[in-house]
Amino acid sequence: MEVALNNNTHKLLSKIAINDGHGENSPYFDGWKAYDTNPYHPRNNPSGVIQMGLAENQLCFDLIEEWIKNHPEASICSPQGGFDFKEIALFQDYHGLPEFRGAIANFMSRVRGSRVKFDPSRIVMSGGATGAHETVAFCLANRGEAFLVPTPYYPGFDRDLKWRTGIELIPVVCESTNNFKVTLGALEEAYDKARESNIKVKGLLITNPSNPLGTFFDKDTLKTLVRFINEKNIHLVCDEIYAGTVTNGNEFVSIAEILEEFPTICNHNLIHIVYSLSKDMGFPGFRVGIIYSYNDTVVNIARKMSSFGLVSTQTQHMVASMLSDNDFVDHFICESKIRLAHRHEMFIGELAEVGIGSLESNAGLFFWMDLRRFLKEPTFESEMTFWRIIINEIKLNVSPGSSFHCEEPGWFRVCFANMDDETVMVAVERIKSFVLERRMLEIKTKAMAKNKKQCWQNNLQLKLSSRRLEDIMSPHSPLNSPMLRAQN
Amino acid sequence: MAIEIVQPSVGLSKIAVSETHGEDSPYFAGWKAYDENPYHEIHNPSGVIQMGLAENQVSFDLLEEYLEANLESANWGQKVSGFRENALFQDYHGILSFRKAMASFMEQVRGGKAKFNPDRVVLTAGATAANELLTFILADPGDALLVPTPYYPGFDRDLRWRTGVQIVPIHCDSLNGFQITPEALEAAYDHATSMNIKVRGVLITNPSNPLGANIQRKVLEQILEFAIQKNIHLVSDEIYSGSAFYADEFVSIAEVLESRNYQDSERCHIVYSLSKDLGLPGFRVGTVYSYNDQVVTTARRMSSFTLISSQTQFLLASMLSDKEFTQKYIKINRERLKKRYEMIINGLKKAGIECLKGKAGLFCWMNLSPYLEEPTIKSELAIWKTIMHEVRLNISPGSSCHCFEPGWFRVCFANMSEETLEVALSRIHEFIKERKQGL
């Protein structure tokens, strides 16, 4: 069916419709396009692009599938669950099924080691965390007002928080010199900058654990942030969607725990949490987003707004059933952390062997890889050039730091939980080969440059090329580049 | 738990503190009365009967029968490993088989008189989201959409709240059965212009809520001509299209466009949902169908804020692809709704109440103006309160639907059993009898 596109109608659309606020013109998507046109498959396309730009958690589906098999009553389409079908299908109350709210509150608590309780009556649904962020922005800020966001941050925020709301995002610059921690100085600087530009700051948005860093905030830093927002009387929105990915033995502190331990530290009306099942459970398709606010008015209004993005009751019913099963939940959370840690360690261990370091981290579905020394110059142009090499030659879709608004070039986010073990090894081998080939090239280039001056260098080059790879890589080799250890 | 701290009050946005969410309207007050004292034929036979909720409960047995016979395809297939792929699927294009099934279902509802291209189907979590999303795309804050009165009270929130867009009413009255006229369109447009408000489109609901009537083909063509002449959009909310009692009496804007070879169609957009026709409001299945490529692309991107659960897409893809089932469902559903409608119309007639002659929807448009003390909204609300508290029926007053003539009420009939409907009718009968004696 051919429909003639009348160019005149371009002018008929809103400003929102024709601007770039959707964010899809960012280079961030070029890697995805490269992957989509040439996706890796172990048998059908072994030389294809491996997707390492998608923060998905695929490591524990076996546990979930087993639970589903053993609990047919969780599905309203099964004989056991079918008698609920009509009631569930008709239920459209934006409060959500009470058992759903209860199960989510229970899950959120267990993900935080049961160190804190959540009130089911404060649970508000949304269309994924994407919908949650937009709704919270609509509730807290007017068009033209701003949120402070520490860099580097998830690129989706540019769309989620700004596109239809018309609010601004002001970066709080974080640097590698102190492991990208958020400092009071950086916060004050960002806040003052906004003031000077006559932009009203309405809140601070943090992601804890951080995307893309994979680190989480320590208690002292959280307290500093809370005191800051309280003093400025602005909101604090805490995106905790990766809370369940913090590996065992590490003390992740949720903002909920800060409020519980230090109840007088701030006005609780300023604190709001965004959560979702997309990362911790691996359910991005089910669109289970949650807004949890300590502000009664915000709960009320966000709930009314949730009409624009309610969770399907079919999904609410299933999730309610699954997440009320405490034995399953505890086992899942524990096992997921173990598998994520193992995968993470495997990756960074292998990369360290070829001198590639990353920011030390204990959370998330990704790590923050340091490729600064591979850039010709410490510029974003060099970063993009090198990134295109990674996509087109090494055939890996990783995400360049510039797409996360990182102020320093050379950092890349690498996702590790969205593939099987074999694919991990293929990815690792590709990186290692690339690094080694690069080194060989450097060696040859240096040798050839010298050769122009001194003829006897020819003999040396021949000797070099006949040496075994291992010799070149040994720490004792004078031609070896300094090993970059993982930063602490 | 927290210690009370006296703090300066913290600012929320203007949107948050406005009342545009609309929940203070009488439309919702009746719901509260029902929630506090809901009718139950055994446990609470004197409770409030809910007649303010446009739900379709008359055909659930058909859905349940389908599910029983097709468990495997509804439940990720025999291999539970289908679960993983489904749980991970978050592409805003939606599951292809589901989009195809929606397009095919929309065609069947229109008796094959219009074709729908699955690539133009954009999925949203309900028609609520679809209407808001379209408004964001078609209008800027401060601009207006023209909407014929009476209209669904939810539009005040869906079209205006977060978008900042205004609604300028197109006045329709009972003299011609509340049909939209070219004069009314022009008057609304001029009114907006006189207030320096830019009109970006016309939004019609066809079949109409709350009228329960189809828009005539001739009127659709006039509205389209008007939109072309003013160079604005035309949004047709067709969520009740499967609830038209006679398949051949409902005309979709899609048919009008097809007959014109799609000339000028890039300004047209259709909203659809499964909440009414299939009776599945909880599943949040809505769609924007646009003939404008840029609108489709932008709507798809915006749908990220309101995607349909892939679990639900999967279930419904299999159900709606079964053409034998959907054909049967559409036909039987129409027949049952028609039967319900006739039951309520005749029952009201016996009580001395006239309704607008409608041939669609899950409700009828009842005229109580002869029973008002005065022809005012105040009297309308007075009789409404009486009906709520004494007759114990929750019906929706016309004023909450922005009807400019007092005395009209929307009465839903498809969200209850036939027995309950009989009880409601007998209560109305009694009420009118007493009222006549009293007057």
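Heads up: the structure comes first, above all this text.
It should be emphasised that the depicted structure is a prediction, and the values quoted were computed from it without experimental measurement.

Rules used in this analysis
Residues numbered from 1 in each chain as written. Chains lettered and ligands numbered in written order. Predicted model: local features only at pLDDT ≥ 70, side-chain atom pairs only at ≥ 80, totals over all residues. Heavy atoms only, no water. Helix = DSSP H or I, 4+ residues; strand = E, 2+ residues; numbered from the N terminus. Buried < 20%, exposed > 50% of the residue type's maximum accessible area, 1.4 Å probe, protein only. Contact = heavy atoms within 4.5 Å. Buried area = accessible area lost by both parts, 1.4 Å probe. Salt bridge = Lys/Arg side-chain N within 4 Å of Asp/Glu carboxyl O. Polar contact = N/O pair within 3.5 Å; in protein donor to acceptor, adjacent residues only side chain to side chain. Pairing = 2+ DSSP bridges. Axes fitted to C-alpha atoms, helices over the stretch in contact; angles between N-to-C directions.

### Description of the overall build of chain A
When helices and strands are counted, chain A shows 17 helices and 13 strands. By residue count, 60% of the 488 residues in chain A fall in the buried class. Restricting to contacts in chain A with at least 6 residues of sequence separation, those with at least 24 account for 74%.

### Describing the interface of chain A and chain B
Facing the 88 residues of chain A at the interface are 87 residues of chain B. Each partner contributes to the roughly 7,700 Å² buried at the junction of chain A and chain B, and carbon and sulfur atoms together form 61% of this total. Summed over the shared surface of chain A and chain B, the result is three salt bridges. A salt bridge links B:D140 to A:K15, with the nearest nitrogen and oxygen atoms 3.8 Å apart. In this assembly, chain A and chain B are joined by 24 residue pairs in polar contact (both at pLDDT 80 or more). Of all the elements, helix α6 (residues 128-140) of chain A adds the most residues to the side of chain A that touches chain B, at seven residues.

### Side note on the side chain of A:T245
All names here are of chain A. Position of T245 relative to the elements: it lies in the loop between β6 (235-239) and α10 (255-261). In this structure T245 comes out as buried when scored by relative accessible area, which is 1%. Discounting residues that sit within four places of it in the chain, T245 has contacts with D280, L340, N362, A363, G364 and L365.

### Focus: the pairing of strand β10 (residues 363-367) of chain B
All names here are of chain B. Most of β10 is tucked away, with five of its five residues classed as buried. Burial of β10 is two-sided: the residues F363, W365 and N367 facing one way and the residues C364 and M366 facing the other way are all buried. Judged from the two bridges that link them, strand β9 (residues 354-355) and β10 form a sheet pairing that is antiparallel. Its bridge partner being in β10, C355 is matched across the sheet by M366.

### Topic: the sheet that holds β10(B)
Residues and elements named next belong to chain B. Taken together, the four strands give an open sheet; going across it, the order is β9-β10-β13-β12, and neighbouring strands pair in antiparallel fashion. Single-partner strands in this sheet number two, and they are β9 and β12 (396-397). Packed on one face of the sheet, helix α15 (residues 377-391) meets β12 and β13 (408-412) and runs near 30° to β13.

### Remarks on the environment of B:I137
Looking at the secondary structure, you find B:I137 in helix α7 (residues 127-138). Residue classification places B:I137 among the buried positions, given a relative accessible area of 0%. Separated by 98 residues in the primary sequence, B:I137 and B:Y39 place their C-alpha atoms 42 Å from one another. Once you skip the residues sitting within four places of it in the chain, B:I137 turns out to touch A:L13, A:S14, A:A17, B:V295, B:T298, B:A299 and B:M302.

### Concerning the pattern of salt bridges
Inspection of the entire model under this criterion finds 38 salt bridges over all chains. In this structure, A:K219 and A:E261 form a salt bridge, with 2.7 Å as the shortest nitrogen-oxygen distance. Taken together, the residues A:K219 in helix α9 (residues 219-232) and A:E261 in helix α10 connect sequence positions 42 residues apart. For A:K219, a relative accessible area of 33% gives the class partly exposed. Residues B:E255 and B:K113 are paired through a salt bridge, measuring 3.6 Å at the closest nitrogen-oxygen approach.

Any functional reading would require information beyond the geometric quantities listed.
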